[in-house]
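Here is what each chain is made of, one letter per residue.
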Amino acid sequence: MENYDQYFEANRQAWNLRTGVHKDSEFYNLDAWKNGATSLTSIELREVGDVKGKSLLHLQCHFGQDTLSWARLGAGVTGCDLSDEAIACARQLAEETKLPAKFVCCNVYDLPQHLEGQYDIVFTSYGVVGWLPDLDRWAAVVNHFLKPGGMFYIAEFHPVIWMFDEQMERFKYPYHNSGVIQSENVGSYSDRYANIQYTDYGWNHSLSEVINSLTGQGLQIRFLNEYPYSPYDCFDKTVKGDDGFFRIQGLEGIIPMVYSIQAIKP
Ligand SMILES: C[S@@+](CC[C@H](N)C(=O)[O-])C[C@H]1O[C@@H](n2cnc3c(N)ncnc32)[C@H](O)[C@@H]1O
């Protein structure tokens, strides 16, 4: 089997650098969030539903803004992320806002060695599976942490989006997983002029790969939704619609940009 450790280490360093930029960015708007605004989008708020009194495990939680937004809605939350800078920031935000939360810093694949228990909800969102080489191993972790009857939920950028070049002009990458993709980056999606440079490693995952990894663990798919827009302005050549969502200029209503899946552990 391929040795992925060098990729994970490069990605950890890349996400540490990005975190330093993200926490002060307009994109994440921590000031508004600290004043009570949710960072969750209408998609997951509607599709996950009421979380009051439920235990929720957030995989790849970045610096905890979404995790803590679920806590504000009454969930008992735990977040996990590979980036030590992101987890340090998440813990600081929890302390500052007095929101109860637990944060674990590790690779999602190693989480069963760092965390006990099972959860009512396992949640993950927007920019997550692309950092993982093996979705069967990922789905096994999801299943490991779900209570019987518990819900897995993912909202994620659609694999079609990752086929485009950085300018969103033409197809550059295969739809299906064709192995590791190395990227040389300057800045970040939250601030493309930020003074950071780094290499990272990702993998494209088709919808069938995501779904088959979950059903392979015995999870039952409740729904798969596909959206022709993104709640986040994080791609090139976006236009904002009257509905507040972002689309790629010239491709409005033509390509899918986000998908979501809800699955239940029997
Ligand atoms: C785009 S963020 C997703 C979170 C959320 N959408 C947000 O913007 O706050 C991706 C996160 O995945 C984390 N990550 C990448 N590879 C990981 C891995 N193997 N295990 C755990 N976390 C990982 C990164 O550190 C980063 O915080």
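Residues numbered from 1 in each chain as written. Predicted model: local features only at pLDDT ≥ 70, side-chain atom pairs only at ≥ 80, totals over all residues. Heavy atoms only, no water.

Most of strand β11 (residues 258–264) sits inside the fold, with seven of its seven residues counted as buried. Bridge analysis of strand β5 (residues 146–157) against β11 gives seven bridges, and the strand direction is antiparallel. The residue of β11 that forms the bridge with Phe152 is Ala263. Where strand β8 (residues 220–227) and β11 come together, seven bridges link them in antiparallel fashion. Each residue of the ladder has a partner; that of Gln220, found in β11, is Ile264. (Buried < 20%, exposed > 50% of the residue type's maximum accessible area, 1.4 Å probe, protein only. Helix = DSSP H or I, 4+ residues; strand = E, 2+ residues; numbered from the N terminus. Pairing = 2+ DSSP bridges.)

Under the defined criterion, the tally for this structure stands at 25 aromatic pairs. Note on Tyr4 and Trp203: the rings are 5.9 Å apart at their centroids and 85° apart in plane angle, and the pair reads as edge-to-face. In this pair, Tyr4 is assigned in the segment before α1 (5–22) and Trp203 in the loop between β7 (197–202) and α7 (207–215), connecting sequence segments 199 residues apart. This pair shows no difference in class: Tyr4 is buried, exactly as Trp203 is. Relative to Trp162, the ring of Phe157 has its centre 5.9 Å away and its plane inclined at 90°; by these criteria the two rings are edge-to-face. The class for Trp162 is partly exposed, based on a relative accessible area of 36%. Taken together, the ring pairs connect Trp15, Phe27, Tyr28, Phe63, Tyr126, Trp131, Phe157, Trp162, Tyr189, Tyr232 and Phe235 into an aromatic cluster. In this structure, Arg72 packs its charged tip against the face of Trp33, placed 4.2 Å from the ring centre. (Phe/Tyr/Trp six-rings, centres within 6.5 Å; stacked < 30°, edge-to-face > 60°. Lys NZ or Arg CZ within 6 Å of the ring centre and 35° of its normal.)

Time to look at the site of the ligand. Near the ligand you find 17 residues, and of these Tyr28, His62, Asp81, Val108 and Tyr126 are the closest. One nitrogen or oxygen atom from the main chain of Leu82 is found 3.2 Å from a nitrogen atom belonging to the ligand. Separating a nitrogen atom of the ligand from a backbone N or O atom of Val108 is a distance of 2.9 Å. When the ligand is considered free in solution it has 590 Å² of accessible area, and contact with the protein chains removes 96% of it. (Near = heavy atom within 4 Å. Polar contact = N/O pair within 3.5 Å; in protein donor to acceptor, adjacent residues only side chain to side chain. Areas by Shrake-Rupley, 256 points an atom, 1.4 Å probe, with all protein chains shown as cover.)

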